[in-house]
Amino acid sequence: MSGKIKRILSVMVAVAFALGIFNAVTPFTEAEASSKVKYYGALHVDGANLVDKDGKKVQLRGISSHGVSWFPEYVNAKAIKNVKTTFKGNVFRIAMYPDEYAGYLNGGDQAKLEKTIDTGVKACRANKMYAIIDWHVSNARPNPLDHKDQAVNFFKKMSEKYASYENVIYEICNEPSGGTSWSDIKKYANAVIPAIRKNAPDSVIIVGTPTWSQDVDKAAEDPLEYKNVMYAFHFYAGTHKADMRKKVQAAHDKGLPIFVSEFGTCNADGQSGVNTKEADKWIKLLDKNSISYVNWSLCNKNEAASIIKSSCKKKSGWKKSDMSKSGKWLYKTLRKY
Ligand code: IDC
């Protein structure tokens, strides 16, 4: 193609973008098409698998923010681009705690939190990546039913705003705990999912499972009745090992669509004990079953789970030497695909 024709074509594409002709479904650039970091357009769930429009299995791989009340500065356009270009990830999770420090329901500035989510979602879209909007239920208020109405309102708002964004995945309760039963989670999901479906009828929704999103067996016995729903399994490789892998395999074999929306290479407290050997075993299992996974977390907090060294103050443009032990492992792991 001559340079002139190329220029004319690129102007036409830019104009089409500006007019919104491509909306959420834009074709790959040549570089993207040849890169291994794929974007698959709208996704759906078929049996135990996440699949593309042709029914081909899709495995998403990427990184989670830390809580956006603590570290909003890492949810910036360049950093998210780096998740793709540096780490070769195609999904970014935006973790918003409702409770805990400056949480959405705990005195946090809701408009500011929503703005951070918006920055993340739009940067993912611009870079042809998936964005997970995570209502990060945590130990502070472990039963999601306790703020069901507020969650319904939040997801109504988000799904209305991002109704045309095929790249948005909704994660409605990070980690129920404190003895929260699967039947409580189902009650909660049966209220939140219809609120999302009204605006984004085909979106993929991830539902947390009991015991910090580890009881996928309970969900497999008694799944929800909606389409395009996946179930969260979380692990921390320093703490959770072979017996947990068995549990995941069994639930997968039973037909449960599992999404590892959060995992750490370290102990479950996030503080210490990076265990790359166990992490490798986990990745082998996830790869074998085409299960998507997202690593905790993109920040430089002085704890083992962080992928950036605490001495590094950059908010994007990281080099390998800026990465922690966990970050270097992730870099190597994601780049091997
Ligand atoms: C941890 C953070 C830590 C923060 C704490 C607040 O790493 O900096 O102070 O949350 O509760 C999870 C949770 C996730 C935890 C993480 C590590 O989903 O919120 O993050 N973890 O403890 N489940 C298992 C481990």
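If you're wondering where the values come from, they're calculated on a predicted model, not measured in any experiment. (Residues numbered from 1 in each chain as written. Predicted model: local features only at pLDDT ≥ 70, side-chain atom pairs only at ≥ 80, totals over all residues. Heavy atoms only, no water.)

Chemist: Sorry, what's going on with a positive patch on the surface here?
Modeler: Residues Lys309, Lys320, Lys328 and Lys332 make up a contiguous surface patch of positive charge. As for its placement among the helices and strands, lysine 328 is situated in helix α11 (residues 325-335). (Patch = residues over 30% accessible without salt bridge, like charges linked within 9 Å, V, L, I, M, F, W, Y side chains within 5 Å. Areas by Shrake-Rupley, 256 points an atom, 1.4 Å probe, with all protein chains shown as cover. Salt bridge = Lys/Arg side-chain N within 4 Å of Asp/Glu carboxyl O. Lys, Arg positive; Asp, Glu negative; His and termini not counted. Charge placed at Lys NZ, Arg CZ, Asp CG, Glu CD. Helix = DSSP H or I, 4+ residues; strand = E, 2+ residues; numbered from the N terminus.)

Chemist: What am I meant to see in the sheet that holds strand β5 (residues 130-135) here?
Modeler: Sheet strands line up and pair through hydrogen bonds in the backbone, either parallel or antiparallel. Taken in spatial order, the 8 strands of this closed barrel run β3-β4-β5-β6-β7-β8-β9-β10, and their pairing is parallel. Strand-to-strand twist in this sheet, taken as the mean axis angle between neighbours without regard to direction, amounts to 30°. Examined bridge by bridge, strand β8 (residues 229-236) and strand β9 (residues 258-264) share 5 bridges and lie parallel to one another. Within β9, the residue paired with alanine 232 across the bridge is phenylalanine 259. Packed onto the sheet, helix α3 (residues 77-85) meets β3 (61-67), β4 (91-96) and β10 (293-298) and runs at close to 135° relative to β4. In the packing of α11 onto the sheet, contacts are made with β3, β9 and β10, and the angle to β10 comes to roughly 150°. (Pairing = 2+ DSSP bridges. Axes fitted to C-alpha atoms, helices over the stretch in contact; angles between N-to-C directions. Contact = heavy atoms within 4.5 Å.)

Chemist: Can you walk me through unusual backbone geometry in this structure?
Modeler: Backbone geometry follows two general trends: most residues other than glycine have a negative phi, and most peptide bonds adopt the trans configuration. The peptide bond linking tryptophan 296 to serine 297 adopts the cis configuration, its omega dihedral lying at -5°. Assignment of secondary structure puts serine 297 in strand β10. Although it is not a glycine, glutamate 100 sits at a positive phi angle of roughly 70°. According to the relative accessible area criterion, glutamate 100 is partly exposed, its value standing at 28%. (Buried < 20%, exposed > 50% of the residue type's maximum accessible area, 1.4 Å probe, protein only.)

Chemist: For this particular structure, what's the right way to read the site of the ligand?
Modeler: Around the ligand lies a shell of 14 residues, among which Tyr97, His136, Glu175, Lys301 and Glu303 are the nearest. Residue tryptophan 296 places a side-chain N or O atom 3.1 Å away from an oxygen atom belonging to the ligand. Calculation on the ligand without its partners gives an accessible area of 510 Å², and the protein chains cover 80% of this total. A breakdown of the residues in the shell around the ligand according to their chemical character gives 4 nonpolar, 4 polar and 6 charged. (Near = heavy atom within 4 Å. Polar contact = N/O pair within 3.5 Å; in protein donor to acceptor, adjacent residues only side chain to side chain. Nonpolar A, V, L, I, M, F, W, Y, C, P; charged D, E, K, R; others polar.)

Chemist: What should I look at first to understand the pattern of salt bridges in this one?
Modeler: Note that side chains of opposite charge can pair when their charged atoms are close. Evaluated as defined, the whole model comprises 17 salt bridges. In this structure, lysine 148 and aspartate 149 form a salt bridge, with 3.8 Å as the shortest nitrogen-oxygen distance. Exposure remark for lysine 148: the relative accessible area of 28% places this residue in the partly exposed category. For aspartate 149, a relative accessible area of 51% gives the class exposed.

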